[in-house]
Amino acid sequence: MKKSTRGALGAVAFLSIAATFLVGPGFAADAPTGVTNIFKPLSTPAQAIREVSFLVLAICAGIFLVVGGLLAYTVVRFRQRPTDDGQEPPQIYGSNQLEFAWTVIPIVTVFVLFLATARTIYDVQGAAQPADALNVTVVGHQWWWEIRYPNLGIVTANELHVPVSESSQRRPTFLKLESVDVAHSFWVPQLAGKTDVIPNRENRMWIEPIQPGIYVGNCAEYCGMQHAHMLLRVIVHSPGDFEKWTAAQQQLPVDDPQARAGRDVFFTTSCINCHTIKGTKAMGTFGPDLTHLMSRETLGAGTVPNTAEKLRTWVRDPQTIKEGCNMPNMQLTDNELDQIVAYLVTLK
Ligand code: CUA
């Protein structure tokens, strides 16, 4: 193969790989599900972060072009030529103007970057909480998110439901972040920056989504074996839908006579030591609250879809779905398993 052909093939391969990475996230970003995109913010703090990142990128691109351009010019202009006599060129020392320029320009550049960044950090972290804001406490666990609404009396897991913020009525959500075990990090790229979730410390952040939809996020701090399966979804509702969701979550589960057998199995095994079902004697807080288990889209913090079939596999032995998770195999018989799943699916 000729050298030029090989070069052209290489360029085509490089361009198509680059195109895949550039087009991929952009394509998915229109639907706020699936792959997320830091360049498509739909929330006030995330928009502020994008603005400052573009400024930083533009300044860095300018520096790159100047330095790279001068370097390329020098390499070409002063390359070795056949007519060179092999003598060392004249050596020159010191130029006050040059040294002054390459000291002052970087200082000014860094100062501009510092001011722009400090302003954004101040705007985001110092934002006052409006009266209409929703307060939510997010607790990091290995490997799932506990989500508590202290003023609404709701506890759920791995899905943060919030109202959309409209220009006529701003409704941001202010989050208090806590951890019961190791350090995690709460990150929903389209809504805000990352904030670490640290044991024995209370961190705060806020989001203000401006478009209803589902926004995916994840734990962004390595926290052990199943760090990759510590996903979260933020479901942004229109104001009316948010009221409906709140009302449904505040209901106690319906006592279905068909599910009594499964209920008995549930209450006579150690399930109740770790899980809460509101209105019953199950009040454990080590694992996710199951009061409205079936209202959630996934099991195991985004590991598998929440269907009756997956739920059965999960209850039989969670380790087959999420190895290392803290829920043990309860050694249930097939019959007990059928009954318990029949009960769990009534928790809507
Ligand atoms: Cu929690 Cu990584």
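As the structure is a prediction and not an experimental result, all values here were calculated from the model.

S.K.: Can you explain the packing of helix H7 (residues 308–316) against helix H8 (residues 334–344)? Please cite residues and give values.
M.R.: Their axes nearest at 10 Å, the elements H7 and H8 cross at an angle of 130°. Considered as vectors, H7 and H8 are oriented oblique to each other. Our pair here, H7 against H8, has a crossing hand that is right-handed. Here Ala308, Leu311, Arg312, Val315 and Arg316 of H7 come into contact with H8, specifically with Asp334, Leu337, Asp338, Ile340, Val341 and Leu344. Looking at the contact of H7 with H8, its residues break down into 7 nonpolar, no polar and 4 charged.

S.K.: If you had to explain the environment of proline 189 to someone new, which residues and values would you point to?
M.R.: Looking at the element boundaries, proline 189 is found in the loop between strand E6 (184–187) and strand E7 (195–197). For proline 189, a relative accessible area of 7% puts it in the buried group. Each C-alpha atom of the pair proline 189 and arginine 233 lies 11 Å from the other, and the pair is 44 residues apart in sequence. Excluding residues within four positions of it along the chain, proline 189 makes contact with Thr36, Ile38, Ala46, Val216 and Gly217.

S.K.: Outline helix H2 (residues 44–77), supporting the account with residue identities and numerical values.
M.R.: For H2, spanning 34 residues, the distance from its first C-alpha to its last is 49 Å, which sits close to the expected 50 Å at 1.5 Å a residue. Residues of H2 that are buried: Pro45, Ala46 and Val52. Contact partners of the buried residues in H2: helix H3 (96–125) and strand E8 (203–207).

S.K.: Now, about the sheet that holds strand E1 (residues 134–141): what can you tell me, with residues and values included?
M.R.: Ordered in space as E3-E2-E1-E5-E8, the 5 strands form an open sheet in which the pairing is mixed. Because the sheet does not close on itself, it has two edges, and the strands there are strand E3 (154–157) and E8. Across this sheet, the average inter-strand angle for adjacent strands is 25°, counted without regard to direction. With 5 bridges connecting them, strand E5 (residues 173–179) and E8 associate as antiparallel partners. Within the sheet, the bridge partner assigned to leucine 175 lies in E8 and is methionine 205.

Here is what the cut-offs are and how they apply
Residues numbered from 1 in each chain as written. Predicted model: local features only at pLDDT ≥ 70, side-chain atom pairs only at ≥ 80, totals over all residues. Heavy atoms only, no water. Axes fitted to C-alpha atoms, helices over the stretch in contact; angles between N-to-C directions. Helix = DSSP H or I, 4+ residues; strand = E, 2+ residues; numbered from the N terminus. Parallel < 35°, antiparallel > 145°, perpendicular 65-115°, else oblique. Left-handed = near helix turned anticlockwise from the far one by under 90°. Contact = heavy atoms within 4.5 Å. Nonpolar A, V, L, I, M, F, W, Y, C, P; charged D, E, K, R; others polar. Buried < 20%, exposed > 50% of the residue type's maximum accessible area, 1.4 Å probe, protein only. Expected span 1.5 Å × (residues − 1). Pairing = 2+ DSSP bridges.

Function cannot be inferred from these measures alone, as they are strictly geometric.
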